[in-house]
Amino acid sequence: MINRPPFPRLAALFAFAGVVFTPLLSAQVVVSNRPQIGSLNTISADPPVPRPDTEPCGTVQLLNEQAFADFTPKAFSYAPPASCNGPWSKVVLSVDFTVSAGRQFDRTAQFFIGNMNIYYGTTAEPRTGSAAIPRISPSWHIERDLTDLSAGLKVPTAGQAILGNVVDSTYTGVIYANARIDFYRGEAEPRVADVVVPLPNQPGGAFTLNTTADRLTQSVTLPRNTEAAYLDVIAQSQIGDEFWWLCVPNDVAGELQSCGNTAFRETEITVDGQPAGVAPVYPWIYTGGVDPLLWAPLPGVQTLNFKPFRVNLTPFAGLLADGNPHVVGMSVFNANNYFLATANLLVFTDREAQSTGGGVLINTLAAAPTPVVTENLANNAGSITGTVGVTSNRKYSISGWVNTAHGRVETTVDAKLNFSNDQSFNIHGPVYIQDIAQQTTVDSTTTRREGGRSTEETRHNSYPFTFSYDFETLGDGSSTQASSSDQRFIVTDKRSREGEEFFRSRVSNEVKSQDTLDFSPSFAITGSTNRSSSQTYKAKTSEGYCYGERLTSADGLLSAVKNNVGCEGDNDK
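Before going into details, it helps to say that this report is about the structure given with it. (Residues numbered from 1 in each chain as written. Predicted model: local features only at pLDDT ≥ 70, side-chain atom pairs only at ≥ 80, totals over all residues. Heavy atoms only, no water.)

### Notes on the sheet that holds strand β7 (residues 157–162)
Reading across from one edge, β2-β7-β4-β5 is the order of the four strands in this open sheet, with antiparallel pairing throughout. Each having just a single partner strand, β2 (74–78) and β5 (116–122) make up the two edges of the open sheet. Each adjacent strand pair in this sheet contributes to an overall mean axis angle of 15°, direction not counted. (Pairing = 2+ DSSP bridges. Helix = DSSP H or I, 4+ residues; strand = E, 2+ residues; numbered from the N terminus. Axes fitted to C-alpha atoms, helices over the stretch in contact; angles between N-to-C directions.)

### Details of unusual backbone geometry
In this model, Gly86 is joined to Pro87 through a cis peptide bond whose omega is 5°. Secondary-structure assignment places Pro87 in the loop between β2 and β3 (90–99). Even without a glycine there, the phi angle at Asp272 is positive, about 55°. One non-glycine residue, Val290, lies in the positive phi region at around 65°. Inspection of the secondary structure puts Val290 in the loop between β14 (274–280) and β15 (309–312). For Val290, a relative accessible area of 0% corresponds to the buried category. (Buried < 20%, exposed > 50% of the residue type's maximum accessible area, 1.4 Å probe, protein only.)

### A word on the packing of aromatic side chains
The geometry of an aromatic ring pair is captured by two quantities: the separation of the ring centres and the angle between the planes. For the coordinates displayed, the defined rule picks out 26 aromatic pairs. Residues Tyr230 and Phe348 carry aromatic rings whose centres are separated by 5.8 Å and whose planes lie at 85° to one another, so their mutual orientation is edge-to-face. In this pair, Tyr230 is assigned in strand β12 (residues 226–237) and Phe348 in strand β17 (residues 336–349), connecting sequence segments 118 residues apart. Here the aromatic rings of Tyr282 and Tyr463 are separated by 4.9 Å at their centres, their planes lie at 80°, and the arrangement is edge-to-face. Of this pair, Tyr282 sits in the loop between β14 and β15 while Tyr463 sits in the loop between β23 (453–462) and β24 (465–473); the two residues are 181 residues apart in sequence, bridging distant segments of the chain. Among the aromatic residues, ring-to-ring pairing joins Tyr120, Tyr282, Trp284, Tyr286, Phe306, Tyr463 and Phe489 into one connected group. Arg310 extends its terminal NZ or CZ atom over the ring of Tyr230, reaching a point 5.9 Å from the ring centre. Taking NZ or CZ as reference, Arg497 lies 4.3 Å from the ring centre of Phe502, over its face. (Phe/Tyr/Trp six-rings, centres within 6.5 Å; stacked < 30°, edge-to-face > 60°. Lys NZ or Arg CZ within 6 Å of the ring centre and 35° of its normal.)

### Topic: the nonpolar core
In terms of nonpolar packing, the biggest core is built from 82 residues, with Leu231, Trp245, Met330, Leu345 and Phe467 touching the most fellow members. Counting 38 residues, the second largest nonpolar core, distinct from the first, contains Trp88, Val95, Ala109 and Ala228. (Core = buried A, V, L, I, M, F, W, Y, C linked by side-chain atoms within 4.5 Å.)

### So, the pattern of salt bridges
Enumeration according to the criterion identifies 22 salt bridges in this entry. A salt bridge links Arg310 to Asp148, with the nearest nitrogen and oxygen atoms 3.0 Å apart. You can see Arg310 sitting in strand β15 and its partner Asp148 sitting in the loop between β6 (139–145) and β7, a full 162 residues away along the chain. A relative accessible area of 32% means that Asp148 is categorised as partly exposed. Notably, a salt bridge pairs Arg488 with Asp486, separated by 3.9 Å at the nearest N-O pair. According to the relative accessible area criterion, Asp486 is buried, its value standing at 17%. Among the ionic contacts, a cluster of salt bridges with common partners joins Arg51, Glu143, Arg180 and Asp182. (Salt bridge = Lys/Arg side-chain N within 4 Å of Asp/Glu carboxyl O.)

### Considerations on the environment of Val431
Following the sequence through the fold, Val431 ends up in strand β22 (residues 431–450). Residue Val431 is classed as buried on the basis of its relative accessible area, which comes to 10%. For the pair Val431 and Val91, spaced 340 residues apart in sequence, the C-alpha separation works out to 52 Å.

Here you go:
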């Protein structure tokens, strides 16, 4: 077996030269939203949430210089702004984080109002500093559009921020946060859900799914006039599953020094136990992953601010509107200790009817995927070369109907999901090389038929991802670890009415990183070379919105910023 550090997490190695810093008692959370050339601070090209060209009609402060130095949830009180009763045209959560310099792991952050999740993400890692790697106390800013969750923000309720963090004589970085919600009024009020049901609908945060058989279930009794429903899903990999995308089949996990259950994971959604939808698992990489220097100053895609995947449950709306309790469930196929799962069920009602009712017409979704595993490995006296792979292909159609005040409405969701993960290995003597190429695509078409007319929405999700890892031990006992990553998130959306397109949008987010770490024979980090990264974020709609920004870093410092990438006047389309 190759003598190497505890891949894939190196955070514990980042207390350079044995330096330990005393935890700060307080810290001023000050975050610049603009990238500064030459800065080593955490920064992201992600766009701010678009807001009306007016001042907020009300602001609610949730957290003020809140310190996170233990695993106790931090309670806060929420009440909608007295000066700004709904309905609101826009609701925006803003959070500013900072971490005191020191030794600390990345941590998971979950914010809730009632039991409704309003933010989910992970934190940037600080550093104690050394001659080779500078000291850093990272700070960053995130925003999330909460407009769709307005129904859960109408009444005063308790809230909590869950951000477990160990602070002692070894792990010294204290995390601080300010959080507020800005409310806006406007002439045009968006159509938002009338009811929001959290999963799980109880305190304590996200639900733990250790195995495929584990299931998060929530009993719901929805309004009798329910017309449509959507489930916004987050499934976050943790501990043994954190790097699920590099796992291998169980029969070769030992010789390949890797985790098992293959490199395929998928979130399954059920209604009353019957298959109702599928959500892919995004390969989020946290700021301590594999080599923390890969993710500073530019973190991976969505690392600091996860985006939920929306599953359309409208074909089940007629069933859910019968006034009886129903059970909505979530599980993760191939979970292997473990995933954290949370979701918000968004329910739309027919405001002109006391009751709707209906049923499911077609459901061809299988209860579980049937992944195909391939192995082509050669083991010659402990030298291993070859490939392993796993693919999954699913195609289904679910259709249902609802009787509304404006007639019978039929909704059909046709979806196709394709997944592949191919890995190559070259393990011999002092060398361990692993290359990963993964692709996830989800193509869905939702057709709504009403009174002989139809509208159609076609969405394409694509998550290409490659990662290379090369660890080599040299003759003097020192070693090098070279890593590179290319992580992308692409979503296109088209909407048409009677075959005529009336809306189109595209979002593309890509983070590319590379670094080579140098280790002494005792695995102390002695330096870093070939370190660079970039993030390019582009978003555009047919209604005129366009945002594009590219950030580039070299040797851990932000080196270039380009604005309006892919927008008017720019040739980078």
